[in-house]
Amino acid sequence: MNIHEYQAKEIFTAYSIPVPRGRVALTSDQVERAAKELGGHCVVKAQIYAGGRGKAGGVKLIHHPEQAQDFGKELFGKRLVTPQTGPEGLKVRRILIEEAVEVAREFYLSITLDRETSRYCMLASAEGGVDIEIVAARSPEKIHSFAIDPTLGLRPYQARKLALKLGLTGSICEDCVTLMLNLYRLCLEKDCSLVEINPLVVTRAGWLLAMDAKVSFDDNAIFRHHDYPDMLDYSQLDPLEINAGKYDLSYIKLQGNIGCMVNGAGLAMATLDVLKEYGGEPANFLDVGGGATREKVAEAFKIILEDTDALGVFVNIFGGIMRCDVIAQGIIEAASEVNCTLPIVVRMDGSKVDEGRRLLAGSGLNVQSADSLGDGAAKIVAMLKQDAA
Ligand code: ADP
Ligand code: MG
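Remember, predicted model here, so these are calculated numbers, not experimental data.

1. What to know about the sheet that holds strand β2 (residues 42–47)
Taken together, four strands build an open sheet; the order of strands is β1-β6-β2-β3 and the sheet is antiparallel. The strands lining the two open edges of the sheet, one partner per strand, are β1 (22–25) and β3 (59–62). Mean inter-strand twist for the sheet, computed between neighbouring axes without regard to direction, equals 20°. Relative to strand β6 (residues 94–99), β1 runs antiparallel, the two sharing four bridges. Paired with Val24 across the bridge in β6 is Leu96. In this fold helix α2 (residues 28–37) packs onto β1, β2 and β6, with an angle of close to 170° to the strand it touches most, β1. Together, β2, β3 and β6 form the strand contacts of helix α3 (residues 65–75), whose direction differs from that of β3 by roughly 165°.

2. Structural notes on the coordination of the magnesium ion (ligand 2)
In the first shell of the magnesium ion (ligand 2), the protein supplies Asn198 (O) and Asp212 (OD), at 2.1 to 2.2 Å from the metal. Of this pair, Asn198 sits in strand β10 (residues 192–203) while Asp212 sits in the loop between β11 (208–210) and β12 (214–217), and the two are 14 residues apart along the sequence.

3. So, helix α8 (residues 239–246)
Quick reminder: α-helices carry 3.6 residues per turn. Residues three or four places apart thus point the same way. Sitting at the amino-terminal end of α8 is Asp238, which places a side-chain oxygen 2.9 Å from the backbone nitrogen of Leu240. Count one or two residues on from α8 and you reach Asp248, which has phi positive near 60°.

What counts and how
- Residues numbered from 1 in each chain as written.
- Chains lettered and ligands numbered in written order.
- Predicted model: local features only at pLDDT ≥ 70, side-chain atom pairs only at ≥ 80, totals over all residues.
- Heavy atoms only, no water.
- Pairing = 2+ DSSP bridges.
- Helix = DSSP H or I, 4+ residues; strand = E, 2+ residues; numbered from the N terminus.
- Axes fitted to C-alpha atoms, helices over the stretch in contact; angles between N-to-C directions.
- Contact = heavy atoms within 4.5 Å.
- Donors = N, O, S within 2.8 Å, 3.2 Å for Na, K, Ca; no water.
- Polar contact = N/O pair within 3.5 Å; in protein donor to acceptor, adjacent residues only side chain to side chain.

Fair warning: the whole summary comes from geometry, so function is off the table for now.
Right, dumping it as C-alpha cells:
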C-alpha cells in the first residue's frame, strides 16, 4: 500500500527524521496561503502515488504566493505523467507546499526487503539523486548496501560505516547515523516494504534533511494498523482494483488483451507464462482464491469484463475446494448479465468437471472448454486471431 509524500513526512516527523516545513493544500487558494505563510519563496509539489515528479513538471520552485496559486490551478485535476505512472498518468488532488531548501549535497537512502536474503536491506548512494536508476544501471558499485540481521537489528557501527562511505564526517555523520537508526525503527514498527529518501540532503546551512519521502506498507500487515485504510487516497488507484479489493479478490492490471481468471498465485504465474509461450498477452489477472462462491466468481468475471483492454477471457481454475459446476454457474451468470459476446476459454479440472463443462456448453456463450493449460492458451489465442481477421 502506498501513501503520499506529505503523509510519509508526517511519519518521519514522528520518528525525529527532519523534513522541510510544509503544508498540504486541497485548493489553489490554500496553495497561495501556504506559500505566503512560508515567506513566498517555496516549492510546490504535486502529490501522486508515483515518483519522477520533478522531471515531469510536478515540482516547481516558486518566488511569490500568486505564482504558487497559478501553479496550483495548473496542477489540480491535471493528470501527471511520470516514468513511474504509465501513459495515463495520475490525477493531482493534493499539493504539498514546502520551504525551499538550499542544497549543498544530495544522497540516496532507502530500506527495502531483499528477496534473496529475506531481510531488510539498507541502500545508500552519494550519487544519483533523481537519477538513481541510471546510477544503478551504469555504475552499481556506487550504490552501497547491506542486509540487516533481524535479530540484532541495525547496529550504530553499521550505520556509521555507511555514512562514512557517503563521505559524511563529524556531526553530520553522527546525525546521519541517528537518522538511519530512526528510519529502520520506522520501517519495522510501521511494517514497511519500502522507505526511501531521495534525495536526502545536507543543506547549505549544514543540516541533514529528508527532502523527499516515500513509504510503502506491506499489504499483509495492514490488519495490524487500523489507521492505514484511512490514509488511502482512492483517486490514485485503479477503480477495478478498488472493486476487486471489496470482494477480497486480487486484481492486477497488465498491458495485453486477454483477461485471465485463475485461483491461486502459483497457477496465475503459470497461466501467464504459458499464455505468453503461445503468443498471447494478458490484459490482467484476477485471482479468485481458494474457496470462492458462485457470487464471488461472478463478481470476478464482471471485473475482468470491465477492463476494456480485454478482448477475450481465459479461465484457468483447479476445482479442489471450489467445484467446477459452481465456477461454470458464476461465469454464465456474469457473462449473461452483461451480454458478453467476447471469446471465452475455460480450462478447469477437479470436482464436478463434467457437470461444469456441460453447463458451459449449453450456455449459449461464445465459450470453449480446454483439456490442458497449453490447449487452453492455444485456443484463446486462436479465437482472438480469428476475431481480429
Ligand atoms: P520526485 O522524486 O517525485 O521527482 P522530489 O521530492 O524528489 O520528487 O523532488 C524533485 C526535485 O525537486 C528534488 O530533487 C529537488 O531538486 C527539488 N526539490 C524538492 N523539494 C524541494 C525543496 N523543499 N526545496 C528545494 N528543492 C526541492
Ligand atoms: Mg524524489
